[in-house]
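# Per-entry structural report
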Amino acid sequence: MKIFLDTANLDEIRQGTSLGVLDGVTTNPSLVAKEKRPFREHVLEICRIFEERGIHAAISAEVVSTDTEGMLREGRELASWHKSIVVKCPTTPDGIRACTILTREGIRVNMTLVFSASQALLVAKAGAYFVSPFVGRLDDISADGLQLVREIVEIYRNYNFPTEVLAASLRGPLHVAEAARIGAHIGTMPFKVFEQLFKHPLTDRGLEAFLKDWEKARATLGDILAPAKAAR
Ligand code: G3P
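Residues numbered from 1 in each chain as written. Predicted model: local features only at pLDDT ≥ 70, side-chain atom pairs only at ≥ 80, totals over all residues. Heavy atoms only, no water.

## Quick notes on the overall build of the chain
- A count of helices and strands for the chain gives 13 helices and 8 strands.
- Expressed along its principal axes, the backbone C-alpha trace of the chain runs to roughly 75 × 40 × 35 Å.
- Of all intrachain contacts in the chain linking residues separated by at least 6 positions in sequence, the fraction that spans at least 24 positions is 57%. (Helix = DSSP H or I, 4+ residues; strand = E, 2+ residues; numbered from the N terminus. Contact = heavy atoms within 4.5 Å.)

Written as structure tokens, this is what we have:
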């Protein structure tokens, strides 16, 4: 499964890419607004961070128009900024119309704010590159967000739709692991959730014990780097 960060924060993106396990970023107007910087400059900076590390990333940037014509104008503009940019459109009738047209023009579209399997079916038929079901927001209203991801993966497999399932609004490591078990192509998550993916108390406790034992026997064991130094 590809791992995306759901953030527009450059420090978080830099830290994430340094680990070599990130495949992209999803932004939305709320996340971008928090950074208080010119949008174009900011999105291009995100693209550059991945480029510098030689990662072929997908960076989602969202339109803010609500009518098809406006989405087309903004979508074409966003896609012209950088080859990594995937245009994000809301799953409304206007958004689906825009997706159909942008896709025919060769522009990759991420259809966002998907909350039902029927919406996901339509966006696949419109040629979306990514479909973004919002897991956490469904859980928030006592629905089963992961069940939606399951249904979408099943429908897309039934008909061999090439649209990739991007599980969004993931709120914890269990959401991420379950989305991967289901077969979502991508999981996007806030930096805090990304950090939680690494954490396990037994890893920390185990490492502590290894290092204590090493320290006790240090005089006999020597230094791992010592032979290299002596060889110089
Ligand atoms: O980027 C869209 C989505 O992932 C939002 O997540 O946590 O605001 O529901 P959240």
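## Some thoughts on the sheet that holds strand S4 (residues 85–90)
- With parallel pairing, 8 strands are arranged side by side around a closed barrel as S1-S2-S3-S4-S5-S6-S7-S8. Recorded for the sheet is a direction-independent mean angle of 30° between the axes of neighbouring strands.
- One ladder, built from 2 bridges, connects strand S7 (residues 164–167) with strand S8 (residues 186–189); its direction is parallel. Along S8, the bridge assignment pairs Leu 166 with Ile 186. (Pairing = 2+ DSSP bridges. Axes fitted to C-alpha atoms, helices over the stretch in contact; angles between N-to-C directions.)

## As for the site of the ligand
- Within the structure, the ligand sits among Asp 6, Asn 28, Lys 88, Phe 134, Arg 137, Ala 168, Ser 169 and Arg 171.
- A distance of 2.7 Å separates an oxygen atom of the ligand from a polar atom in the side chain of Ser 169.
- Here the ligand has 310 Å² of accessible area as a free molecule, and 83% of this is covered by the chains.
- Here the shell around the ligand is built from residues that sort into 2 nonpolar, 2 polar and 4 charged. (Near = heavy atom within 4 Å. Polar contact = N/O pair within 3.5 Å; in protein donor to acceptor, adjacent residues only side chain to side chain. Areas by Shrake-Rupley, 256 points an atom, 1.4 Å probe, with all protein chains shown as cover. Nonpolar A, V, L, I, M, F, W, Y, C, P; charged D, E, K, R; others polar.)

## As for the environment of Leu 22
- Counting through the fold element by element, Leu 22 comes out in the loop between helix H1 (10–18) and strand S2 (24–26).
- A relative accessible area of 2% means that Leu 22 is categorised as buried.
- In this structure the C-alpha to C-alpha distance between Leu 22 and Arg 104, which are 82 residues apart in sequence, comes to 28 Å. (Buried < 20%, exposed > 50% of the residue type's maximum accessible area, 1.4 Å probe, protein only.)

## Points about the environment of Leu 225
- For Leu 225, the location among the structural elements is in the loop between helix H12 (218–221) and helix H13 (226–231).
- It is 47 Å that separates the C-alpha atoms of Leu 225 and Trp 81, two residues lying 144 residues apart in sequence.

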